[in-house]
Amino acid sequence: MAMTPFDEYRKILEKFDAENRLRNIPQDRTDLPGIDLTSNDYMGLGARWKEYRDEFFLKFPHASFSSSASRLLSQRQDAHVHLENLLAGLYRKESLLFNSGYHANVGIIQALAIPGTIFLCDKLIHASMIDGLMLAKADYQRWRHNDLSSLRKLLDKYKSMERCVVMLESVYSMDGDTAPLRELADLKKEYHNVILYVDEAHAFGTRGRFGLGLGEETGVIDEIDIIVGTLGKAAASAGAFVSTHELLKSYFLNSSRSFIFSTALPPVNAAWSEHMILKLLTMDKEREHLIEISDKFRSGIEEITGQPNNSRSHIVPLIVGDAHKAMQTASKLSLKGIDALPIRRPTVPQGGERIRFSLSAEMTEDTVEYILKTLKEVI
Ligand SMILES: Cc1ncc(COP(=O)(O)O)c(C=O)c1O
């Protein structure tokens, strides 16, 4: 048979399939009954969007549906500037919007990666940060996950570099464990060349008195040089922001290619983010509830597996260690009305295959008990 230019791509897909890691976009199940543990709508604002629609359009009747250009060219700026000002006031730093968390991480890393910079990354940082490093052909080293003695060794080794950008997540997206931010902030003080860069994607909206993240909860916002927050998760919108020094805001605006060369988020979306953030600020009771049910759920998972679980957040994994088993468990749960995602390679390393449960502040204690009871039966 004649070769086609597509044959190799087909073979790659066939290999994915043979290894139980071929993916498809699932069907829309928003209107079906069932418990959703797949989404990042941690505070339940996304599920309730219809309740907020009328007040939103009354408040923002003129928000347009397209920016029609990059921020550096667009005439439609007000909604973006209002949102940046709101965030700047909350963090008491400058703020710059990006089109997504992916754009933010890739753009920031590419901009920081000038000669004299080395990136020191926690082993488990998100793919968007890794892609930023790859695209920038940056110099980087990885430290053992959440292990500050491993980071310290690298900091000592690179003491004479002009800049060490220490990169991590505050709440890890696949394990739900949290970074020792206070200790990191203390460690930073021992070195003159550290830029501390924390991705708060899973903590923005869910942690801290006002939902500003784990930096707020641990009282170290001022020590972090670059905070990335995403708006498509707890904030039930889309986009991302960086909260940083005045100088770096201006530098990213002038140097981050994903900021410069991409059409800005629609103003209506920036206005919606503002509307949702104002709600998030007052949801401290819901945040406490989310922490309580997450602790309960984690203890239940520990009981089922007989193993300690590292999660310290609303993201709780059940490691099954095999792609086929992960898919089987997820489909058995789905038959019982519980939607949870099987996570496979390349999102997690081989052997780390799991079911990722992401809890929402909307869930009651009874729901958590029901999920645990069902899990026991299924496993
Ligand atoms: C830690 C982390 N950072 C960044 C992103 C990317 O954010 P976004 O979905 O807004 O592109 C994600 C996942 O979506 C994430 O888990």
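Residues numbered from 1 in each chain as written. Predicted model: local features only at pLDDT ≥ 70, side-chain atom pairs only at ≥ 80, totals over all residues. Heavy atoms only, no water.

A. Seen up close, the sheet that holds strand β11 (residues 341-343). Pairing in this open sheet of 3 strands is antiparallel, and the strands run β9-β12-β11 from one edge to the other. Only two strands of the sheet have a single partner each, and these edge strands are β9 (315-319) and β11. Sheet twist, expressed as the mean angle between neighbouring strand axes with direction ignored, is 35°. Pairing of β11 with strand β12 (residues 354-358) involves 3 bridges; the strand directions are antiparallel. (Pairing = 2+ DSSP bridges. Helix = DSSP H or I, 4+ residues; strand = E, 2+ residues; numbered from the N terminus. Axes fitted to C-alpha atoms, helices over the stretch in contact; angles between N-to-C directions.)

B. Quick peek at the environment of L214. Mapped onto the elements, L214 comes out in helix α8 (residues 214-217). Taking the C-alpha atoms as reference points, L214 and V171, 43 residues apart in sequence, are found 7.7 Å from one another. Ignoring sequence-local partners within four residues, the contact set of L214 consists of S170, T178, A179, L181, E200, A203 and R207. (Contact = heavy atoms within 4.5 Å.)

C. Broad picture of a nonpolar patch on the surface. A cluster of nonpolar side chains, contributed by F6, Y9 and I12, occupies part of the molecular surface with about 370 Å² of accessible area. With respect to the helices, strands and loops of the structure, Y9 is situated in helix α1 (residues 7-18). (Patch = residues over 30% accessible without salt bridge, like charges linked within 9 Å, V, L, I, M, F, W, Y side chains within 5 Å. Areas by Shrake-Rupley, 256 points an atom, 1.4 Å probe, with all protein chains shown as cover. Salt bridge = Lys/Arg side-chain N within 4 Å of Asp/Glu carboxyl O.)

D. Local environment of the sheet that holds strand β4 (residues 140-143). Strand order in the open sheet formed by 7 strands is β2-β8-β7-β6-β5-β3-β4, and the pairing between neighbours is mixed. The two strands at the open ends of the sheet, each matched to only one other strand, are β2 (94-98) and β4. Strand-to-strand twist across the sheet, computed as the mean angle between neighbouring axes with direction ignored, equals 20°. As defined by bridge partners, β2 adjoins strand β8 (residues 240-244) across 5 bridges and the pair is classed as antiparallel. For S95, the partnering residue across the bridge sits in β8 and is S243. Together, β5 (163-169) and β6 (194-199) form the strand contacts of helix α7 (residues 181-189), whose direction differs from that of β6 by roughly 165°.

E. Looking closely at the packing of aromatic side chains. Under the definition given, this model contains 8 aromatic pairs. With centroids separated by 5.2 Å and ring planes inclined at 40°, the aromatic side chains of F56 and F60 adopt a geometry described as tilted. An identical accessibility class is assigned to F56 and F60; each is buried. For the ring pair F204 and F241, a centre distance of 5.1 Å and an interplane angle of 70° mean the geometry is edge-to-face. Of this pair, F204 sits in the loop between β6 and α8 while F241 sits in strand β8, and the two are 37 residues apart along the sequence. Each member of the pair F204 and F241 is classed as buried. Aromatic ring contacts, followed pair by pair, group F56, F57, F60 and W272 into a single cluster. (Phe/Tyr/Trp six-rings, centres within 6.5 Å; stacked < 30°, edge-to-face > 60°. Buried < 20%, exposed > 50% of the residue type's maximum accessible area, 1.4 Å probe, protein only.)

F. Focus on the site of the ligand. Around the ligand sit 13 residues in total, of which G101, Y102, D199, H202 and K233 are the nearest. Here D199 contributes a side-chain N or O atom positioned 2.6 Å from a nitrogen atom of the ligand. Between H202 and the ligand, the recorded distance is 2.6 Å, taken from a side-chain N or O atom to an oxygen atom. Contact with the protein chains covers 80% of the free accessible surface of the ligand, which is 380 Å². Of the residues forming the shell around the ligand, the biggest block, 3 residues, is contributed by helix α4 (residues 101-112). (Near = heavy atom within 4 Å. Polar contact = N/O pair within 3.5 Å; in protein donor to acceptor, adjacent residues only side chain to side chain.)

G. Looking closely at the packing of α4 against helix α5 (residues 127-135). Remark: α4 packs on α5, axes separated minimally by 8 Å, with the N-to-C direction vectors making an angle of 35°. The handedness of the crossing between α4 and α5 comes out as right-handed. Contacts between α4 and α5 involve G101, Y102, N105, V106 and I109 on the former and, on the latter, S128, M129, D131, G132, L133 and L135. In the contact of α4 with α5, the residues fall into 6 nonpolar, 4 polar and 1 charged. (Left-handed = near helix turned anticlockwise from the far one by under 90°. Nonpolar A, V, L, I, M, F, W, Y, C, P; charged D, E, K, R; others polar.)

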